[in-house]
Amino acid sequence: MAQFFQKPENALKRAEELEGVNQKVAALDTLENVIKSKRHRAWTPTLELILKKFLGLCTERREPRRAKEGLIQYRSIAANAEKGPASFLSVVNSFINDGEAAVKEAEKKAGLGADAVANLQDLEAEETPETMMISVLTNDLSDTGRADRDNYVQWLRFLWESYRACLEVLKNNPKLEKLYAETANKTFKFCVKYKRKVEFRRLKDLLKNHLTNAQLSHNVSPDPEQTLRLRLDIRVEQLNAACGLELWQLAFESAEEFHNVVSHPANRKAMKGRVMMNYYDKVSQVFWVSENYLFHACAMQQIFTRSKRRLDGKVSKGELTPAKANDQLAVNASRLLLATLSIDLPSINGGGLIEADKDKHQRMATLVQHSSVPARRQLVQELVSKNVLQYVLPELAELHKELEGDVDPSLLSSKITPVVKYIEANPELVQYLAPLKKMALIKLVQQLSLVYVTMRITDFAALANFMSLHDCEKYMVEAVARNQTLVRLDHKNGTIHLGDRGLESQDRRSQLTNLAKGLQSTLDLIHRDLKAQARAQKAEAFKQLAETLEDERKMMSMRRQQIEQRKEIVEQEMAMQAQREAQEKKAAEEERRQDEERRKEEGKKKREEARAQEEKDIKELAEKKRLKEQVDALKAEENKKKGKVVVLNNEDEDDVEAELKNIDKAELIKRKKEQEEKLKREAEERLASNMMKLDHLERARREKERPLLGELLKTQLEEDKVNIETQKRTFLENHKKAHATDVASKAPLMRMMADKDIFEKQVTARRKTEYTRAQEFRRKEQEKEREHRRKEEQRKEDEAFKEEEERAQKEEEAAEKAEIMKKHRAEEREKADEMNKKQREREAEIDARAGGGGGGGGG
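None of these values were measured; they are calculated from a predicted model. (Residues numbered from 1 in each chain as written. Predicted model: local features only at pLDDT ≥ 70, side-chain atom pairs only at ≥ 80, totals over all residues. Heavy atoms only, no water.)

Draft legend 1. Focus on the overall build of the protein. On a plain count of helices and strands, the protein comes out with 28 helices and three strands. Counting over 859 residues, the protein shows a buried share of 29%. With an accessible surface of roughly 58,700 Å², the protein has 53% of that area assigned to carbon and sulfur atoms. (Helix = DSSP H or I, 4+ residues; strand = E, 2+ residues; numbered from the N terminus. Buried < 20%, exposed > 50% of the residue type's maximum accessible area, 1.4 Å probe, protein only. Areas by Shrake-Rupley, 256 points an atom, 1.4 Å probe, with all protein chains shown as cover.)

Draft legend 2. Representation of the pattern of salt bridges. Counted by the stated rule, this structure contains 29 salt bridges. Two residues, Asp595 and Arg598, come together in a salt bridge whose shortest N-O distance is 2.0 Å. Pair noted here: Asp595 and Arg598 are both in helix α25 (residues 549-642), with a separation of three residues, about one helical turn. The exposure class assigned to Arg598 is partly exposed, which follows from its relative accessible area of 45%. Through salt bridges with shared partners, one network takes in Asp29, Arg61, Glu63 and Arg66. (Salt bridge = Lys/Arg side-chain N within 4 Å of Asp/Glu carboxyl O.)

Draft legend 3. Layout of the confidence of the model for the protein. Looking at the protein as a whole, the pLDDT averages 79, with 87% of positions reaching at least 70. Scored below 50 in pLDDT, residues 501-505 makes five contacts in the model with residues more than four places away or belonging to other chains. Low confidence marks residues 853-859, where pLDDT is under 50. Its contacts with residues over four positions away, or in another chain, come to zero contacts. (pLDDT = per-residue confidence, 0-100. Contact = heavy atoms within 4.5 Å.)

Draft legend 4. Region of the structure containing the sheet that holds strand β1 (residues 454-456). Strand order in this open sheet of three strands is β1-β3-β2, and the pairing throughout is antiparallel. Bordering the open sheet on either side are β1 and β2 (487-490), each of which pairs with just one other strand. Averaged over all neighbouring strand pairs, the angle between strand axes comes to 20 degrees, with direction disregarded. Bridging between β2 and strand β3 (residues 495-498) involves four bridges; their strand directions are antiparallel. Bridge pairing links Val487 to Leu498 in β3. (Pairing = 2+ DSSP bridges. Axes fitted to C-alpha atoms, helices over the stretch in contact; angles between N-to-C directions.)

Draft legend 5. Local environment of a nonpolar patch on the surface. The grouping of Leu450, Val451 and Tyr452 at the surface amounts to a nonpolar patch, some 350 Å² of accessible area in total. Looking at where Leu450 falls in the secondary structure, it is placed in the loop between α19 (433-449) and β1. (Patch = residues over 30% accessible without salt bridge, like charges linked within 9 Å, V, L, I, M, F, W, Y side chains within 5 Å.)

Draft legend 6. Fine view of the packing of aromatic side chains. Per the counting criterion, the structure on display carries 14 aromatic pairs. Consider the rings of Trp288 and Tyr432, whose centres lie 5.0 Å apart with planes at 70 degrees: the pair is edge-to-face. Residue Trp288 is found in helix α12 (residues 273-289), and its partner Tyr432 is found in the loop between α18 (409-425) and α19; the two are separated by 144 residues along the sequence. For Tyr432, a relative accessible area of 0% corresponds to the buried category. By the ring-pair criterion, three or more aromatic residues cluster together here, those being Trp160, Tyr163, Phe190 and Tyr194. Just above the ring of Trp155 sits the side chain of Arg62; from NZ or CZ to the centre is 5.0 Å. (Phe/Tyr/Trp six-rings, centres within 6.5 Å; stacked < 30°, edge-to-face > 60°. Lys NZ or Arg CZ within 6 Å of the ring centre and 35° of its normal.)

Draft legend 7. Here's a closer look at the side chain of His210. Here His210 shows up in helix α9 (residues 197-216). Engagement of the side chain of His210 in a polar contact is seen with the side chain of Tyr180, the distance being 2.8 Å. (Polar contact = N/O pair within 3.5 Å; in protein donor to acceptor, adjacent residues only side chain to side chain.)

Draft legend 8. Structural view of the environment of Asp281. Take Asp281: it is sitting in helix α12. A C-alpha to C-alpha distance of 7.3 Å links Asp281 and Ala299, two positions 18 residues apart in sequence.

Draft legend 9. Spotlight on unusual backbone geometry. Even without a glycine there, the phi angle at Lys195 is positive, about 55 degrees. As for its placement among the helices and strands, Lys195 is situated in the loop between α8 (177-193) and α9. For Lys195, a relative accessible area of 39% gives the class partly exposed. Positive phi outside glycine occurs at Asn387, with the angle close to 55 degrees. As for its placement among the helices and strands, Asn387 is situated in the loop between α16 (376-385) and α17 (399-404).

Draft legend 10. Representation of the packing of helix α1 (residues 8-20) against helix α2 (residues 24-36). Where α1 meets α2, the axes come as close as 8 Å, and the angle between the chain directions of the two elements is 170 degrees. Judged by the angle between their axes, α1 and α2 are roughly antiparallel. Crossing angle aside, the handedness with which α1 passes α2 is left-handed. Taken together, the residues of α2 that come into contact with α1 (itself represented by Pro8, Ala11, Leu12, Arg14, Ala15, Leu18 and Glu19) are Lys24, Ala26, Ala27, Thr30, Leu31 and Val34. Residue classes in the contact of α1 with α2 are distributed as nine nonpolar, one polar and three charged. (Parallel < 35°, antiparallel > 145°, perpendicular 65-115°, else oblique. Left-handed = near helix turned anticlockwise from the far one by under 90°. Nonpolar A, V, L, I, M, F, W, Y, C, P; charged D, E, K, R; others polar.)

Draft legend 11. The side chain of Glu199, seen in detail. Position of Glu199 among the secondary structure elements: in helix α9. Residue class for Glu199 comes out buried when judged on its relative accessible area of 0%. One polar contact links Glu199 to Arg196, side chain to side chain, over a distance of 3.1 Å.

Draft legend 12. Structural detail: helix α21 (residues 469-481). An ideal rise of 1.5 Å per residue puts 18 Å on 13 residues; α21 measures up with 18 Å between its terminal C-alpha atoms. For α21, every residue scored as buried is listed here: Cys472, Tyr475, Met476 and Ala479. Seen along its axis, α21 keeps its buried residues to an arc of 105 degrees; they face one direction. For α21, exposure combined with an orientation more than 90 degrees from the buried face picks out His470, Val477 and Ala481. Contacts from the buried residues of α21 go to α19, α20 (457-463) and β2. Note on α21: the residue one or two positions beyond its end, Asn483, has a positive phi of about 65 degrees. (Expected span 1.5 Å × (residues − 1). Arc of directions from axis to C-beta.)

Draft legend 13. Here's a closer look at helix α11 (residues 248-262). Spanning 15 residues, α11 covers 21 Å between terminal C-alpha atoms, matching the ideal 21 Å at 1.5 Å per step. In terms of burial, α11 is a largely internal element, 11 of the 15 residues being buried. Listing the buried residues of α11 in full gives Leu250, Ala251, Phe252, Ser254, Ala255, Glu256, Glu257, Phe258, His259, Val261 and Val262.

Draft legend 14. The pairing of β3, seen in detail. Every second residue of β3 is oriented toward a common face, with Thr495 and His497 on one face and Ile496 and Leu498 on the other, all of them buried. In this structure, β1 lies alongside β3, joined through three bridges in antiparallel fashion. Note on β3: the bridge partner recorded for Thr454 is His497.

Draft legend 15. Geometry of the environment of Ile343. When you line up the elements, Ile343 lands in the loop between α14 (322-341) and α15 (355-367). Discounting chain neighbours no more than four positions away, the residues touching Ile343 are Tyr293, Leu294, Ala297, Arg376, Leu379 and Met439.

Draft legend 16. Structural detail: the packing of helix α13 (residues 293-317) against α16. It is at 11 Å that the axes of α13 and α16 come closest, and there the two elements cross at 30 degrees. Taken together, the axes of α13 and α16 lie roughly parallel to each other. Handedness of the crossing formed by α13 with α16: left-handed. Between α13, through Leu294, Ala297, Cys298 and Gln301, and α16, the contact on the second element is made entirely by Arg376, Leu379 and Glu382. Of the residues contributing to the contact of α13 with α16, the split by class is four nonpolar, one polar and two charged.

Right, here's the structure in full:
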């Protein structure tokens, strides 16, 4: 049966005693019983200490689920307390800090780094295939290195479970949302530090579910702006962690969640420049890794625009000169230029995206602040319209003109090669080198196809010497597959065929359209009179339209007036209907309110009666339980003295309470007295028996030891004589030596006696002065304390007097209101009686007239 404590302080003291004797399981059970008890549901500082001790023991034993249950119980206890949120914050921080400290200690002991567990697949898996194979193949328990590593992994698993438990406990609570955000950020750092990709995926799904549930719940935050800002911070850390772990699909999903939070109308103030710059930087990385250069360029465009706006603000404030601002902006402008030029060229037949790709591209466009999917041509034009080219590095100034202007195939290689070498030497721009070469190659092929049909591969390689022939072939095959150009390689003859795809070529595909256009132009040349006739008919139609235009305007004006009149009539009817519905709704609401007040009063009365009865039953049950525990303890003591095995009572607490309800209190008291008397009687009998046994044993012992004691005494006397003589000689020799040394050192010390007396007087005088000053200070403090106590008592008396006056005033106002309501109801009843009386008189008069009319008809 669980041990019951009337006060939490006793339970805490008992747990500390058990922990001192290394019984941590029993201490943990004791604290858990107090936390889960229904008797201790009011928050106190002692409960905070109990929970900290409980969580500390859970950390030592690595039991995160038990710790989570304790946190849930403490959250409900501290929810309505004034200092509850601060206390819960302290408890959770203490729990997490203990777990992190244990992980650091295990990591130091094992001598491993964070990378040592990167290959561990899943922290939530108790046994992985690797650990099972190691345990089978290695049976030597003295392998301390493997034991330390296993201990390190176990602590990492515990810390991960602790983070998850805290997030589950803190979710959807407006008072704890700041602590929730801090814990989520710590969990992200944990995943990045130890490269936990599986756990990060689970964490992302967990936080997404929390956000969805929070949006569907009816909990209203006292500070919506702070709530949205904290949610935004969580998504920023989530996006950074996903990019740090190179989980690009999760990074894209995190960017979508971030954008959804940012797009909230109430979150405009949280759109800080630094946060958005970080967001677009991470999104650009995601798009670059996925080789989606179009939206990578859109993200770089946003970064350039915000950087320029920030630097312009600093220039206007005088913090930077325009020259320095342009220098800082040059790298971003150059990256934007290269990102835009690296976008894949559109297909030559202008084919659109399939429906699924349209939806995906529209989602991507939304992430970079575009309402529709932009085209490459549009982004290239914006480079010129927004004057981006004037900020780029001087080495890249002519690149846009060479690739997007009139391309000369014979000069393209000589103009591109210096740019390629510069980009290769610049680490901030080198990532754009391969896409830029590919785009330049496709431009070269497109320009050559306008002039040549067939050319030698060697001549083409000379024109495209800014990249290897192997890369040229690879990129041309990819371009043909994407329908960006028409080219065919003939290695047998060493030639390249440009713009030749047989029946599938663009010219063959539009042959019928071109034929139709030629026939139409021929007909126009032959039948010129038909064209003049059509123009005359068109002029006549315009003339008739001008003549009837005024009539049409008048009819439209009349129709508009009729519509306005009908709308006014409908609006009046709707207003009257709304007024009637409002009156009916007000009456129904008043009736419902009165019913609700009556129901609340009845419910309150029933609850008070039930609470009083429940308190009475609880007190009686606690008294019975105490008596039963005493009786059981006495029985256990009796069985223990008799040598019987004591069986622990593991009955369920609910069963014990049900049994105690059917037992009389007087019967329990009677059982207790009988058991106490029985134990007392048995103790007296045992005492008499033990005294007799002890007497016999002592008598026998003395008879046996008498001859031995005499011999021992003689031997001891001889040894003592020898020892005394030896000690006496040694003492006299040492005493003579010490006396001679003391006499020799006395003479120098006698010269210091005068100084000693002076110093002694000085110390005595100083201490006397300090004592007098302390006495005076204490007397003044006592007088201040008495004065403060007198003022405090006077203030309490004044407050009590004011409260009494306010209470009396409220009672008088309540009585006046009751009297007014009574008079008002009486007046309403009189009015109702008067109306009923008039109604009855009117009905009687109508009946009399009807009777008179009937009599006249009969005559």
